[in-house]
Amino acid sequence: MNSEIKALLEEIKTYNTDLYRHDLLWTWEKSDDELKCILSMARLLMQMRKENISAKVFDSGLGISLFRDNSTRTRFSFASACNLLGLAVQDLDEKKSQIAHGETVRETANMISFLSEVIGIRDDMYLGAGNKYMREVGAALDDGYKQGVLPQRPAIVNLQCDYDHPTQVMADLAWLKEYFGGLENLRGKKIAMTWAYSPSYGKPLSVPQGVIALMTRFGMHVSLAHPEEYTLIPEIMNVAKNNAEKSGGKFEVVKTMDEAFKDADIVYPKSWAPYAVMGKRTELLKQNDHEGLKELEKKCLANNAKFMDWECTEEKMKLTKNGKGLYMHCLPADITDVSCEHGEVAASVFDRYRVETYKEAGYKPYIIAAMMLTTRFPNVPEMLAAQVEKARKRIKF
């Protein structure tokens, strides 16, 4: 048995967790041990894949994919995670369902779940509605299982909502753990989570919110920077503040990108819409007010244009620790003179860290698979140990 695989199996057994039969919707609802368990399990699955050992613990079953917003990485990561564990993927296209004919959330949730093991949902378009919808689906599944309608209660994995993007930020943390050689080495490291200019508007708040809420859990120095009106949800700002106090880390809000980048070990420049704008946008979407949405977009793009200098340039990267700070992004980045005329990051900076950002993204399928396993099985270490012991080849050469 591979020594790292053996060590990870033993490590996972030491964590005190209560993940079984509990959905994963926000990272701040999980304990430190539970987050560490998911990280280690993701790494274990990655090593099993490298060793050509099958991780198919499901003989059959569906993974339901519900995306209410566009996606590349998360959509394919969810499908990959399902396939890795032996589940078939079925997309729920709401336009092709009976939802348009008045089918309720309760009914839809039960009808898609007779042979389903996990439901992955991305719902980040409506502030105050996305995570609420996920919890409504969860309540319907609880009732269906309790009433004997469903033979099992599928797990729900949040693939991005209006509050958090747990699969993304956990993949970010897994990459930082690898890059710096362990979670303990992240303590005291400074990460600059900064707004950056984009020629588009309406980007969700969930990534910056997820980053500040998660990285403060592990003793990091999180420096948040944004133009004055580009605030985040106050509730999550408080989560980050409280997490930093408990972990011995630091959480600060600064006024400029330069201040955040100063001596930073990691930088994460990304655009998002102002909290107030997302609230207004939600109202207009609910009212189906197309003219109002056009006018709001026009105003927001004009406001964005005031801050074109909020770009991750070579000059700003020189401000980082020894001029060698790690650049991160959830992708796709708005790259100046490549994907747009003016964007979040200079082409030379992005190209220098392109491989690193791809490796960062590469953790997401394993993070999602780990989340699935821990919510569906009570004895995951023993189960994966049996898979390793059997050493059934994924590919037979």
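This text goes with the structure placed above it.
Rules used in this analysis
- Residues numbered from 1 in each chain as written.
- Predicted model: local features only at pLDDT ≥ 70, side-chain atom pairs only at ≥ 80, totals over all residues.
- Heavy atoms only, no water.
- Helix = DSSP H or I, 4+ residues; strand = E, 2+ residues; numbered from the N terminus.
- Buried < 20%, exposed > 50% of the residue type's maximum accessible area, 1.4 Å probe, protein only.
- Contact = heavy atoms within 4.5 Å.
- Pairing = 2+ DSSP bridges.
- Right-handed = clockwise from strand over helix to strand, strands pointing away.
- Patch = residues over 30% accessible without salt bridge, like charges linked within 9 Å, V, L, I, M, F, W, Y side chains within 5 Å.
- Areas by Shrake-Rupley, 256 points an atom, 1.4 Å probe, with all protein chains shown as cover.
- Salt bridge = Lys/Arg side-chain N within 4 Å of Asp/Glu carboxyl O.

A. Structural detail: the environment of Met 215. With respect to the helices and strands, Met 215 occurs in helix α7 (residues 206-215). Overall, Met 215 belongs to the buried group, its relative accessible area being 0%. It is 9.5 Å that separates the C-alpha atoms of Met 215 and Arg 187, two residues lying 28 residues apart in sequence. With near-sequence residues (within four places) excluded, Met 215 lies in contact with Val 169, Asp 172, Leu 173, Leu 176, Ile 191, Met 220 and Val 222.

B. Fine view of the pairing of strand β2 (residues 88-91). In the sheet, strand β1 (residues 62-67) pairs with β2 via four bridges, with the strands oriented parallel. When the sheet's bridge partners are listed, Ser 65 is paired in β2 with Asp 91. As for the winding sense of the linkage, the β-α-β connection from β1 through helix α3 (residues 73-85) to β2 is right-handed.

C. Representation of a nonpolar patch on the surface. A surface patch of nonpolar side chains, amounting to about 390 Å² of accessible area, comprises Met 111, Phe 114, Leu 115 and Val 149. Inspection of the secondary structure assignment puts Val 149 in the loop between α5 (130-146) and β4 (155-161).

D. Here's a closer look at the pattern of salt bridges. All told, the structure shown has 17 salt bridges when counted by the stated rule. Glu 252 is the partner of Lys 250 in a salt bridge, and the nearest nitrogen-oxygen pair spans 3.8 Å. By relative accessible area, Lys 250 is classed as partly exposed at 41%. A single network of salt bridges, built from pairs that share partners, joins Glu 4, Arg 43 and Glu 178.

Function cannot be read off these values alone, since they describe shape.
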